[in-house]
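Below are the chains, spelled out letter by letter.
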There are 2 protein chains.
Amino acid sequence: MKTTRNTAAKTAVLEIFGKSKTALSHTEIQKELNDLCDRVTTYRILDRLVNDDIVHKIVNLDGTVKYAKCHHHAQRVHIHNHAHFSCEKCLEVTCLENVKPSYILPHNYKVNDINFTLSGLCPKCFNSNI
Amino acid sequence: MKTTRNTAAKTAVLEIFGKSKTALSHTEIQKELNDLCDRVTTYRILDRLVNDDIVHKIVNLDGTVKYAKCHHHAQRVHIHNHAHFSCEKCLEVTCLENVKPSYILPHNYKVNDINFTLSGLCPKCFNSNI
DNA sequence: AATATTAACGCAACAATGTTGCAATTGATT
DNA sequence: AATCAATTGCAACATTGTTGCGTTAATATT
Ligand SMILES: [Mn+2]
Ligand SMILES: [Mn+2]
Ligand SMILES: [Zn+2]
Ligand SMILES: [Zn+2]
């Protein structure tokens, strides 16, 4: 089995996730890292974290990709079945860990992962919009 | 008001959508068009079709973007509230027009659009996988 | 049918994002 | 300390999408 190592860059990335209340893009993380490592390395760290189920990937309607740290204990087969909210105004993406969609699927579909992203105005922007 | 025109390229794109059972990427459409027009034009046509609610955009977990023709009559405020299925094996993306997620959102969120994409194995690949 | 208006187009150039190969480095294990 | 391979940096490349601008052509007007 391929063992995964703790490097300075990976530790720094995890620290950034720890401090952030919102999901982060590769670019945002790279900036926050202050070029502690090459951007390719950051991509590879994110890939590893996703594979190890420490972080999950969120794809927005506008195509941007963000990452957020999981708040659960990884299980055998992991499905991120909670919703995400993407604010069209402040562009922040947040996990709605308590919002889980229910749906009825036709037979013979095997679901491995879901992406449920709502976009619109977050409470902060909604209120300042009145 | 900006009027929208019917051009040869736009007509060809719509014909391609008419024939396709699955959602199509810009690249797939461009190939199918056999370079009838420049790729930039195809991007602009797709943008227009999305704006006019004739086509809707689907963003996959892997980041790929696809488009599908709407099967509804455009309303005032349009939310694509049906699910999409993205097969990890054949890579096809299909509209599940009858699958609509239900969910309960905290107060003060204003939803303008949703993206509910399930990924896994489609019935075709699921069966050929046994 | 000719003309006017401007949406749509082609082309070239650019930008953002992500990927790959490979030699050098470094974390973890013995 | 020596070993092994996971991780990194760098350069190069690929893909996807955007922008500016002069030209073309769809549609409305005369
Ligand atoms: Mn989340
Ligand atoms: Mn659809
Ligand atoms: Zn907001
Ligand atoms: Zn399939």
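Residues numbered from 1 in each chain as written. Chains lettered and ligands numbered in written order. Predicted model: local features only at pLDDT ≥ 70, side-chain atom pairs only at ≥ 80, totals over all residues. Heavy atoms only, no water.

Participant: Help me understand the relation of the copies chain B and chain A in this model?
Facilitator: Relating one copy of the chain to the other requires a rotation about an axis plus a shift along that axis. Mapping chain B onto chain A leaves a residual RMSD of 0.1 Å; the transformation is a rotation of 180° accompanied by 0.1 Å of translation along its axis. The transformation relating the two chain copies, once decomposed into turn and shift, fits a two-fold axis. Minimal C-alpha separation from the rotation axis in chain B is found for Phe 116 of chain B, amounting to 2.2 Å. The share of interface residues of chain B whose copies in chain A are also at the interface is 100%, consistent with both copies meeting through the same surface. (Least-squares fit on C-alpha atoms with pLDDT ≥ 70 in both. Contact = heavy atoms within 4.5 Å.)

Participant: Looking at this model, I keep getting lost on the packing of aromatic side chains. Mind explaining?
Facilitator: Within a pair of aromatic rings, the relevant descriptors are the distance that separates the centres and the angle that separates the planes. According to the stated counting rule, one finds 5 aromatic pairs over all chains in the structure shown. One aromatic cluster in this structure is built from Tyr 103 and Phe 116 of chain A together with Tyr 103 and Phe 116 of chain B. (Phe/Tyr/Trp six-rings, centres within 6.5 Å; stacked < 30°, edge-to-face > 60°.)

Participant: Just to check I follow, could you spell out the interface of chain B and chain A for this structure?
Facilitator: Opposite the 35 residues of chain B that make contact, chain A presents 35 residues. Of the roughly 3,100 Å² buried between chain B and chain A, counting both surfaces, carbon and sulfur atoms make up 63%. Sorting the residues of chain B by area buried against chain A places Leu 61, Tyr 109 and Asn 115 of chain B first, and these three jointly supply 20% of that buried surface. Inspection of the region where chain B meets chain A yields 0 salt bridges. Run the count over chain B and chain A and you get 11 residue pairs in polar contact (both at pLDDT 80 or more). Elements with a minimum of two residues in the side of chain B that touches chain A: strand 1 (55–59), strand 5 (110–121) and helix 4 (123–127) of chain B. For the side of chain B that touches chain A, the element with the highest residue contribution is strand 5 of chain B, accounting for 12 residues. The class makeup of the residues in the side of chain B that touches chain A is 19 nonpolar, 11 polar and 5 charged. One ladder, built from 11 bridges, connects strand 5 (residues 110–121) of chain A with strand 5 of chain B; its direction is antiparallel. Counterpart to Ile 114 of chain A in the pairing with strand 5 of chain B is Leu 118 of chain B. (Buried area = accessible area lost by both parts, 1.4 Å probe. Salt bridge = Lys/Arg side-chain N within 4 Å of Asp/Glu carboxyl O. Polar contact = N/O pair within 3.5 Å; in protein donor to acceptor, adjacent residues only side chain to side chain. Helix = DSSP H or I, 4+ residues; strand = E, 2+ residues; numbered from the N terminus. Nonpolar A, V, L, I, M, F, W, Y, C, P; charged D, E, K, R; others polar. Pairing = 2+ DSSP bridges.)

Participant: I keep staring at the coordination of the manganese ion (ligand 2) and nothing clicks. Help me out?
Facilitator: As a benchmark, a tetrahedral metal site with four donors has ideal angles of 109.5 degrees, while an octahedral site with six donors has ideal angles of 90 or 180 degrees. In the first shell of the manganese ion (ligand 2), the protein supplies His 56 of chain B (NE2), His 82 of chain B (NE2), His 84 of chain B (NE2) and Cys 95 of chain B (SG), at 2.0 to 2.3 Å from the metal. Summarised as a motif, the one-chain spacing of the donors to the manganese ion (ligand 2) is H-x25-H-x1-H-x10-C. (Donors = N, O, S within 2.8 Å, 3.2 Å for Na, K, Ca; no water.)

Participant: Just to check I follow, could you spell out the side chain of Gln 30 of chain A for this structure?
Facilitator: Residues and elements named next belong to chain A. Its place among the elements puts Gln 30 in helix 2 (residues 26–33). In terms of polar contacts, Gln 30 uses its side chain to reach the side chain of Thr 42, at 2.4 Å. Sequence-distant contacts of Gln 30, that is, excluding residues within four places in its chain, are made with Asp 35, Cys 37, Asp 38, Arg 39 and Thr 42.

Participant: Would you take a moment to explain helix 1 (residues 8–19) of chain B for this structure?
Facilitator: Three- or four-residue spacings in an α-helix give side chains the same orientation, since the helix completes a turn every 3.6 residues. Residues and elements named next belong to chain B. The terminal C-alpha atoms of helix 1, which comprises 12 residues, lie 17 Å apart, in line with the 16 Å expected from a rise of 1.5 Å per residue. All buried positions along helix 1 are accounted for by Ala 9, Lys 10, Ala 12, Val 13, Ile 16 and Phe 17. For helix 1, the buried positions fall inside an angular range of 160° around the axis, keeping them on one side. Exposed residues on helix 1 whose side chains face more than 90 degrees from its buried face are Ala 8, Glu 15, Gly 18 and Lys 19. For helix 1, the secondary structure elements touched by its buried residues are helix 2 (26–32), helix 3 (39–51), strand 1 and strand 2 (65–69). (Expected span 1.5 Å × (residues − 1). Buried < 20%, exposed > 50% of the residue type's maximum accessible area, 1.4 Å probe, protein only. Arc of directions from axis to C-beta.)

Participant: Any chance you could explain the protein's contact with DNA strand C here in plain terms?
Facilitator: Around DNA strand C, 22 residues are found, and the nearest of them are Arg 5 of chain A together with Arg 5, Thr 41, Arg 44 and Arg 48 of chain B. What you see for DNA strand C is that sugar and phosphate hold 60% of its atoms within 4 Å of the protein. Here a sugar or linking oxygen of DNA strand C sits 3.2 Å away from a polar atom, N or O, in the main chain of Thr 3 of chain B. Of all elements in the fold, only helix 3 (39–51) of chain A together with helix 3 of chain B reach the threshold of two or more residues within the surface near DNA strand C. The leading source of residues in the surface near DNA strand C is helix 3 of chain B, at 5 residues. Of the residues in the surface near DNA strand C, the class split is 8 nonpolar, 6 polar and 8 charged. (Near = heavy atom within 4 Å.)

Participant: Just to check I follow, could you spell out the coordination of the manganese ion (ligand 1) for this structure?
Facilitator: Residues and elements named next belong to chain A. Note on the manganese ion (ligand 1): its protein donors are His 56 (NE2), His 82 (NE2), His 84 (NE2) and Cys 95 (SG). The metal-donor distances range over 2.0 to 2.3 Å. Mapped onto the sequence, the donors of the manganese ion (ligand 1) take the spacing H-x25-H-x1-H-x10-C. Here His 56 is found in strand 1 (residues 55–59), whereas its partner Cys 95 is found in strand 4 (residues 93–96), with 39 residues between them in sequence. Judged by relative accessible area, Cys 95 falls into the partly exposed class, the value being 24%.

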